[in-house]
Amino acid sequence: MLRYASRNPNHLPSHFYNLKADLPELPPPPLNPTTKQPLNPTDLEAIFPRSFIAQEISMEKFIPIPPEVLEAYSIYRPTPLIYASKLKDYLDTPARIFYKYEGVSPTGSHKTNTALMQAYLANRDGITTLSTETGAGQWGSALAYACSRFGIKTRVFMVRASYRQKPGRRILMQLFGGEVLESPSPTTDSGKKYYQENPGHPGSLGIAISEAVEVAVRNPDVKYSLGSVLDAVLMHQTIIGLEAERQCQELGVNPDVVIGCVGGGSNFAGLSFPFVRKNLNEKTRIRFIAVEPEACPSITRGKLNYDHGDSVGLTPLLFMHTLGKDFVPPPIHAGGLRYHGMAPLVSHLVKLGIVEARAYSQEKIFKAAEVFLKTEGILPAPESAHAIAAVIDEALEAKRLNKEVNILFNLSGHGFLDINAYERLR
Ligand SMILES: *Cc1c(COP(=O)(O)O)cnc(C)c1O
């Protein structure tokens, strides 16, 4: 077996993959928040750029990647597909472990993939500013980078608790020229509700989304950008799985299990969906495992129901696994996984029995991160460490059964800016 897949620039996918074109049955449609009737795409125009809406509702199986975006991707893509031989040796398992490493992107996570595409579309539509929310700052920094590249402005509502405790990514956003506001802020009606109650309100992603959406609705040249959950965002992330599929072929490996952590579901979907397609069309029986934190267990403990994406109720109602729009998860280190809902497409695959879900404790994922650092040499983002913990469990199960399985997982980002969270392991 070859141990290293190539990163040949000629192997950059030319299209994104749209899973909806292959699904035998679609998930229930989004609803208009006021009428509660199925959403008319024009209802979204107050919030999102038109070209983005076109991608969100498209049923085309492959959507071309524009040359300007391909050029931006070529700085860091194809990302490495790595055989984790040291982790395998350490676990003494017959399982073969491979990971796709998205931490090589300019801001250190997979989020750059959709940020570049969304900034490009907004610029093409003549929009001057994208507003968004961010928790720990991975999404905000990815979007600030992408907007600086495509010449538009970013306004980021950053959850106050993170703004104060995790200055690293705030500084990065500001260096890219992004405007960063503490949320809840007094600058929007949505924020004021909470701010006037308590100017030190720690905030939540749900509140920050309401603020960012409100700014878009009130200003015609501002639109809103979301870093996960939506069908089009998941589709942009399929570049990860399409590359991985080709790299696996090159190594002569067929994955038996595909694993990713889930916040809103985009990095998991990005790696998985091209392989889900194989199960649907080629009758392979690949297993898919989505891993969430015990502190924010949307799939394993939430309800599959219509809910808003934000706390105030400005966004369309999505049919998804949700803990309720007012749920405020405890402040775990994996800030990127603290979202009350789940991408409707991931929820749908769980319902169809294609995706399994499990939840892990913070203690367990930090132990997994430490093993990974000491064997493979990469400090994972605490979010990605959830996937690693599941990989280790699967590899140990393979050892117990003496089965040679191929495990593929998404190392969605590096943990360099989460370094304070790791101090406990010294
Ligand atoms: C944001 C983030 C996640 C979670 O978001 P998804 O949309 O579920 O992918 C996971 N890993 C990293 C490194 C992140 O920054």
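Conventions and cut-offs
Residues numbered from 1 in each chain as written. Predicted model: local features only at pLDDT ≥ 70, side-chain atom pairs only at ≥ 80, totals over all residues. Heavy atoms only, no water. Near = heavy atom within 4 Å. Polar contact = N/O pair within 3.5 Å; in protein donor to acceptor, adjacent residues only side chain to side chain. Areas by Shrake-Rupley, 256 points an atom, 1.4 Å probe, with all protein chains shown as cover. Nonpolar A, V, L, I, M, F, W, Y, C, P; charged D, E, K, R; others polar. Salt bridge = Lys/Arg side-chain N within 4 Å of Asp/Glu carboxyl O. Helix = DSSP H or I, 4+ residues; strand = E, 2+ residues; numbered from the N terminus. Buried < 20%, exposed > 50% of the residue type's maximum accessible area, 1.4 Å probe, protein only. Pairing = 2+ DSSP bridges. Axes fitted to C-alpha atoms, helices over the stretch in contact; angles between N-to-C directions. Contact = heavy atoms within 4.5 Å.

### A closer look at the site of the ligand
Move 1: Neighbouring the ligand are 18 residues; Lys111, Ser228, Gly263, Ser266 and Asn267 lie closest to it.
Move 2: Measuring from an oxygen atom of the ligand, one finds a side-chain N or O atom of Ser228 at 2.5 Å.
Move 3: Here an oxygen atom of the ligand and a side-chain polar atom of Asn267 are 2.7 Å apart.
Move 4: Relative to its free-state accessible area of 380 Å², the ligand is covered by the protein chains to the extent of 98%.
Move 5: Its residues assigned to classes, the shell around the ligand comprises four nonpolar, 12 polar and two charged.

### Thoughts on the pattern of salt bridges
Side chains that differ in charge, positive against negative, can pair when their charged atoms come close.
Move 1: The final tally for this structure, using the stated rule, is 26 salt bridges.
Move 2: Close ionic contact of Glu243 with Arg77 constitutes a salt bridge, the shortest N to O distance being 2.7 Å. Placement of Glu243 in helix H10 (residues 231-251) and of Arg77 in the loop between helix H2 (67-73) and strand E3 (81-83) is noted, with a sequence separation of 166 residues between them.
Move 3: For Arg77, a relative accessible area of 4% puts it in the buried group.
Move 4: Note that Glu182 is salt-bridged to Arg164, the shortest N-O span being 2.9 Å. Of this pair, Glu182 sits in strand E7 (residues 179-183) while Arg164 sits in helix H6 (residues 160-165), and the two are 18 residues apart along the sequence.
Move 5: The exposure class assigned to Glu182 is partly exposed, which follows from its relative accessible area of 21%.
Move 6: Assessed through its relative accessible area of 55%, Arg164 is described here as exposed.
Move 7: Salt bridges sharing partners connect three or more residues here, namely Arg77, Lys100, Glu102 and Glu243.

### Describing the sheet that holds strand E8 (residues 222-224)
Move 1: If you walk across this open sheet you meet the four strands as E7-E6-E5-E8, and the pairing is parallel. The sheet is open, and its two edges are formed by E7 and E8, each paired on a single side. Put simply, the sheet's adjacent strands are angled 25° from each other on average, direction ignored.
Move 2: As paired elements, strand E5 (residues 129-134) and E8 share three bridges and run parallel to each other. Bridged to Ser131 within E8 is Tyr224.
Move 3: Sitting on the sheet, helix H9 (residues 205-218) is in contact with E5, strand E6 (153-159), E7 and E8, with an inclination near 170° to E5.

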